[in-house]
Amino acid sequence: MPGRLYIGEQEDKELVRRCLKGEKEAFATILDRYEKPIYNLVLRMVNDRDDAADLTQTIFVKAYEKLDTYDERFKFFSWLYKIAVNTALNFISHRRHQERLRDDIVPNGVQLEEEFDTSERYQKLEDAILGLRVDYRIVIVLRHFQNLSYDEMSKILDIPAKTVKSRLFTARQILKDTLVKSGLQG
Amino acid sequence: MIQQKLIELINKEIDGLNSKEESRKLNLHLAKHPEARKLHEDLVKTAYALKKVEEVEPPRHLRQHILNSLEKREEGTARSWGVLGKVLEALRGPSLPRYALVFASGLVVGVLLLVIFALPRDLGVGDTSQLTGTMALVPELSVFQPADSVAFRLQEASGMIKTYYGSDFVIAEVRVQSVSPIKTEIRFRPETATFSGFKRLQGKEGSLDIGQSAIALTQSGASRGFVTFLTHGGSQGPLEVTVSGGGKTLYHSLIRTIQAGSVR
């Protein structure tokens, strides 16, 4: 999935230009390109499908309103992801006191009855990701689910690439320990 | 204890970022250090487990929901705010070039301010030919503080003079209606005010005489114009208005340049 983000870089910029000229269809195309990645990014952060859908909507509305602040020297998806990450982090910080683990993330096509074991293992993995501190969780999500480079993550998160690496390495270590403890990983 | 450099190499290997040389070095290290080898194996398994996390399809309605919400937002703003809403919407959304609109708004405000302030000051006071004609834009004087007004109704002429003021100016609006030529003289205190300009809004060509402490407008028919004075601080005191015609004084009055009870 993330590979295709690079391919569309120039098209993204053209879409933004068209959108700024008033072509609403251009924004619909942007939405087609990024709805799924943004929804998944947010879903992995907040672990609630309804919240993820609401936040995705908020993110795209924000992006639409701020589109003229986008600087073409940078990648559009980095700009959009930055909005997404900040929106999700803001949501989490408000929700933190009541954040709880929920079990409603099951990939499409997985039949609970038929593949209970797979689902249970999947759940443990989800729980382990969600058990990470939010600044560790975000680097795992961006690196492993969105395939972003250290440099891109650095721009999106507004932290040095060195910090990105160090957080990512620590996050993996914690995740590995959790998976070992839960028996998911030998 | 695994060295930090080795941990970095392991992580970079997982991310596929090691050069061939770095990968070779890592493999040499792993062959020598069982603890590092175990860490590498575990992290590879973790990364592999993460790959199993599948993408989730967004709800089917989400795309349309987002587009509808953008549409409704625009409609809602326009409906509830009318023209202002449309302007605000244009300023907020990317559908119209925001800067062009801001520029246009600035231009309108600028022209208005120019008409109200700059034009009277910029007029060459010795060139009375510029003082005739009808302005297309009538300044809205209600934006200024009204100070005073006097009116006269005589056999020879009738008229009204109103004064307005700001922090560093006084405007006198002069309206006179007469059949024969009438001179309206306004005296001011040169220590605290300077004649800045005159703009005729209505009336035929007339004459304007400018002195050190007075200006005099002479004309016939219906006329309306604005006389602007710059004030230099301190108390300007009232203007002295004298209307004369046929060689005699028809009307004389003082008119305040600040609202009664106010302090400049």
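Here the structure is a predicted model, which means the values were calculated and not measured.

Basis of the calculations
Within each chain, residues carry numbers counting from 1 in the order of the written sequence. For naming, the first written chain is A and the first written ligand is 1, with later ones following in the order written. Only residues with pLDDT of at least 70 are given local features in this predicted model, and only at 80 or more are side-chain atom pairs given and counted; all residues enter the totals for whole chains, interfaces and linings. With hydrogens and water stripped out, all remaining heavy atoms of the structure feed into the side-chain values. The way it works is that DSSP assigns letters per residue, a run of H or I at least four long becomes a helix, a run of E at least two long becomes a strand, and they are numbered from the N terminus. Residues are treated as being in contact if the distance between any of their heavy atoms lies within 4.5 Å. Here the Shrake-Rupley method, with its probe set to 1.4 Å, supplies the accessible areas, and only the displayed protein chains count as covering residues. Reported buried area values correspond to the accessible surface (1.4 Å probe) lost by two parts on association, with both partners' losses combined. The term salt bridge refers to a side-chain nitrogen of Lys or Arg lying within 4 Å of a carboxyl oxygen of Asp or Glu. Any N or O atom pair separated by 3.5 Å or less is treated as a polar contact, with the protein-specific requirement of one donor-capable and one acceptor-capable atom, and with residues adjacent in sequence counted only for side-chain atom pairs. Gly counts as polar in this scheme, as do all residues outside two lists: the nonpolar Ala, Val, Leu, Ile, Met, Phe, Trp, Tyr, Cys and Pro, and the charged Asp, Glu, Lys and Arg. Strand pairing is assigned whenever DSSP detects at least two bridges linking the two strands. Buried residues are those whose accessible area, probed at 1.4 Å on protein chains only, stays under 20% of the maximum for their type, while exposed residues exceed 50% and partly exposed ones sit between those limits. Exposure above 30% relative accessible area and no salt bridge define the residues that can form patches, which grow by joining like charges within 9 Å and nonpolar side chains of Val, Leu, Ile, Met, Phe, Trp and Tyr within 5 Å. For a residue, the bend is simply the angle between two axes, fitted respectively to the seven-residue segment ending there and the seven-residue segment starting there. Only rings of Phe, Tyr and Trp enter the pairing, Trp through its six-membered ring, and a pair is recorded when the two centres are within 6.5 Å. The plane angle decides the type: under 30 degrees is stacked, over 60 is edge-to-face, the rest tilted. Each nonpolar core is a collection of buried residues, namely Ala, Val, Leu, Ile, Met, Phe, Trp, Tyr and Cys, held together in the definition by side-chain atoms within 4.5 Å.

J.: What should I look at first to understand the overall build of chain B in this one?
T.: Along its length, chain B carries five helices and eight strands. Going from the N terminus to the C terminus, chain B shows its helices and strands as α-α-α-α-α-β-β-β-β-β-β-β-β. Taking the intrachain contacts of chain B between residues at least 6 apart in sequence as the baseline, contacts between residues at least 24 apart amount to 60%. Here chain B displays about 14,800 Å² of accessible surface, and carbon together with sulfur accounts for 57% of that area.

J.: What is the right way to read the overall build of chain A from this model?
T.: Looking only at helices and strands, chain A features nine helices and zero strands. Listing every helix and strand of chain A by position from the N terminus yields α-α-α-α-α-α-α-α-α. The long-range share in chain A, meaning contacts at least 24 apart out of those at least 6 apart in sequence, stands at 67%. Summed over all atoms, the accessible surface of chain A reaches about 8,600 Å², with 49% contributed by carbon and sulfur.

J.: Help me understand the interface of chain A and chain B in this model?
T.: Taken residue by residue, the interface counts 48 residues in chain A and 40 residues in chain B. Between chain A and chain B, a total of about 4,100 Å² is buried, with carbon and sulfur atoms accounting for 59% of that surface. Taking the shortest distance from any N to any O, the salt bridge between A:Arg172 and B:Asp15 comes out at 2.3 Å. At the surface where chain A touches chain B, the tally comes to eleven residue pairs in polar contact (both at pLDDT 80 or more). Contributing elements (two or more residues each) for the side of chain A that touches chain B: helix H2 (9-20), helix H3 (24-46), helix H4 (49-65), helix H6 (116-130), helix H7 (134-145) and helix H9 (161-181) of chain A. Among the elements that line the side of chain A that touches chain B, the one with the most residues is H3(A), at eleven residues. Here the residues of the side of chain A that touches chain B are counted per class, giving 25 nonpolar, nine polar and 14 charged.

J.: What am I meant to see in the pairing of strand S8 (residues 248-255) of chain B here?
T.: Residue and element names in this part refer to chain B. Where strand S7 (residues 239-245) lies against S8, seven bridges are found, and the strand directions are antiparallel. Of the residues in S8, the one forming a bridge with Leu239 is Ile255. In this structure, the hairpin formed by S7 and S8 is closed by a connection of two residues, where Gly246 is found at a positive phi of approximately 60 degrees.

J.: Please explain the environment of B:Ile10 as it appears in this structure.
T.: All names here are of chain B. Structurally, Ile10 is set in helix H1 (residues 4-14). Judged by relative accessible area, Ile10 falls into the buried class, the value being 0%. Residues Ile10 and Asn27, 17 residues apart in the sequence, show an inter-C-alpha distance of 9.5 Å. What Ile10 contacts, discounting residues up to four positions off in sequence, is Leu26, Leu30, Ala36, Leu39, His40 and Leu43.

J.: Can you help me understand a nonpolar patch on the surface in this one?
T.: Together, B:Phe103, B:Leu107 and B:Val111 give the surface a local cluster of nonpolar side chains, amounting to about 300 Å² of exposed area. Summarising the element assignment, B:Phe103 is placed in helix H5 (residues 98-122).

J.: Help me out: how do you make sense of the pattern of salt bridges in this one?
T.: Inspection of the entire model under this criterion finds 28 salt bridges over all chains. Sharing partners across several salt bridges, the network here consists of A:Glu14, A:Arg17 and A:Glu72.

J.: For this particular structure, what's the right way to read H3(A)?
T.: Spacing of three or four residues puts side chains on the same side of an α-helix, whose turn is 3.6 residues. Maximum bend of H3(A): about 50 degrees, positioned at A:Tyr34, with proline A:Pro37 one to four residues after it. Judged by how many residues are buried, H3(A) sits mostly within the fold: 17 of 23 residues are covered.

J.: What's the story with the packing of aromatic side chains in this structure? I'm lost.
T.: How two aromatic rings sit relative to each other is given by the distance of their centres and the angle of their planes. Residue and element names in this part refer to chain A. This structure, assessed with the given rule, holds ten aromatic pairs over all chains. Residues Phe27 and Phe60 carry aromatic rings whose centres are separated by 6.5 Å and whose planes lie at 85 degrees to one another, so their mutual orientation is edge-to-face. Taken together, the positions of Phe27 in helix H3 and Phe60 in helix H4 put the pair 33 residues apart, joining distant regions of the chain. Consider the rings of Tyr70 and Phe76, whose centres lie 5.4 Å apart with planes at 90 degrees: the pair is edge-to-face. Per residue, the accessibility class of Tyr70 equals that of Phe76, and both read buried.

J.: Is there a simple way to explain the nonpolar core in this structure?
T.: One recurring pattern in soluble globular proteins: nonpolar side chains tend to sit buried together. Counting 70 residues, the largest nonpolar core has A:Tyr34, A:Ile38, A:Phe76, A:Leu80, A:Tyr81 and A:Leu142 as its most contacted members. Of all the elements, H3(A) adds the most residues to this core, at 13 residues. One finds B:Ala172, B:Ile186, B:Phe195 and B:Phe198 within the second-largest nonpolar core, a separate group that totals 28 residues.

J.: I tried to follow the environment of A:Val61 on my own but got confused; where do I start?
T.: Examined against the element boundaries, A:Val61 turns out to sit in helix H4. Judged by relative accessible area, which is 14%, A:Val61 ranks as buried. Not counting chain neighbours up to four residues away, the residues in contact with A:Val61 comprise B:Ser69, B:Leu70 and B:Arg73.

J.: I would appreciate a short explanation of unusual backbone geometry in the present structure.
T.: Leaving glycine aside, a negative phi is the common case for residues, and trans is the common case for peptide bonds. Residues and elements named next belong to chain A. At Asn47, a residue that is not glycine, the phi angle is positive and equals roughly 55 degrees. Among the structural elements, Asn47 can be located in the loop between H3 and H4. Relative accessible area serves as the criterion here: at 3%, Asn47 is assigned to the buried category.

J.: Which parts of the structure should I look at to understand the pairing of strand S2 (residues 157-165) of chain B?
T.: One face of the sheet, then the other: side chains in a regular strand alternate in exactly this way. Residue and element names in this part refer to chain B. When you tally the buried positions in S2, you get seven out of nine residues, the bulk of the element. In this sheet, S2 lies alongside strand S1 (residues 145-153) in antiparallel orientation, the contact comprising eight bridges. Directly across from Gln145, in S2, lies its bridge partner Tyr165. Where S2 lies against strand S3 (residues 169-187), nine bridges are found, and the strand directions are antiparallel. When the bridges of S3 are listed, Ala157 appears paired with Ser178. Between S2 and the antiparallel strand that follows it, S3, lie three residues.

J.: Would you take a moment to explain the side chain of B:Ser244 for this structure?
T.: Mapping B:Ser244 onto the fold places it in strand S7. If near-sequence neighbours (up to four positions away) are discounted, B:Ser244 is found in contact with B:Ile182, B:Lys183, B:Thr249 and B:Leu250.

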